[in-house]
Amino acid sequence: MSPAPAKRNRLTPWYVGLAIILASVLFVGYRMMTNDCAQPQIEIAVLVVIPAVYLVLMYLTLISQD
């Protein structure tokens, strides 16, 4: 009998994506603050809403896998 393959964590790609998104949000947020480039509503959408929606959809996709 061959040994059972080790199960990997299904959420590992989500953790990597979370780290990349947080780093990019911090960088873009810093650039927006120093350049005063956009209206606050647009900044909130870019820095909070869009990454949050992406992370939720990615999480739902990864937990639904076998």
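Whatever comes next refers back to the structure up there.
Everything in this summary refers to the structure shown in the same document. (Residues numbered from 1 in each chain as written. Predicted model: local features only at pLDDT ≥ 70, side-chain atom pairs only at ≥ 80, totals over all residues. Heavy atoms only, no water.)

1. Quick word on the packing of aromatic side chains
Summed over the entire model, instances satisfying the criterion amount to two aromatic pairs. Judged by centre distance (5.7 Å) and plane angle (70 degrees), the ring pair of W14 and Y15 falls under edge-to-face. A residue is classified by how much of its surface remains accessible, and W14, at 17% relative accessible area, is buried. Consider the rings of W14 and Y59, whose centres lie 5.7 Å apart with planes at 65 degrees: the pair is edge-to-face. On the criterion of sequence distance, the pair formed by W14 in helix α1 (residues 12-35) and Y59 in helix α2 (residues 40-63) is long-range, its members being 45 residues apart. Ring pairs connect the aromatic residues W14, Y15 and Y59, which therefore count as one cluster. (Phe/Tyr/Trp six-rings, centres within 6.5 Å; stacked < 30°, edge-to-face > 60°. Buried < 20%, exposed > 50% of the residue type's maximum accessible area, 1.4 Å probe, protein only. Helix = DSSP H or I, 4+ residues; strand = E, 2+ residues; numbered from the N terminus.)

2. Quick word on the environment of G17
Its location among the elements puts G17 in helix α1. For the pair G17 and Y54, spaced 37 residues apart in sequence, the C-alpha to C-alpha distance is 9.6 Å. Residues in contact with G17, not counting those within four places in the same chain, are L55 and M58. (Contact = heavy atoms within 4.5 Å.)

3. Here we look at the nonpolar core
With seven residues, the main nonpolar core is built from L11, W14, I21, V25, L55, M58 and L62. Listed by contribution, the elements that provide at least two residues to this core are α1 and α2. Ignoring anything within four residues of it in the chain, the contact list for L62 reads R10, L11, P13 and W14. (Core = buried A, V, L, I, M, F, W, Y, C linked by side-chain atoms within 4.5 Å.)

4. Quick word on the environment of F27
Here F27 is to be found in helix α1. For the pair F27 and I42, spaced 15 residues apart in sequence, the C-alpha to C-alpha distance is 16 Å.

5. Here we look at the side chain of E43
Tracing the chain through its elements places E43 in helix α2. As a buried residue without a salt bridge, E43 has its nearest oppositely charged side chain in R31, at a separation of 12 Å. Each residue touching E43, except ones within four places of it in the same chain, is listed here: M32, C37 and A38. (Lys, Arg positive; Asp, Glu negative; His and termini not counted. Salt bridge = Lys/Arg side-chain N within 4 Å of Asp/Glu carboxyl O.)

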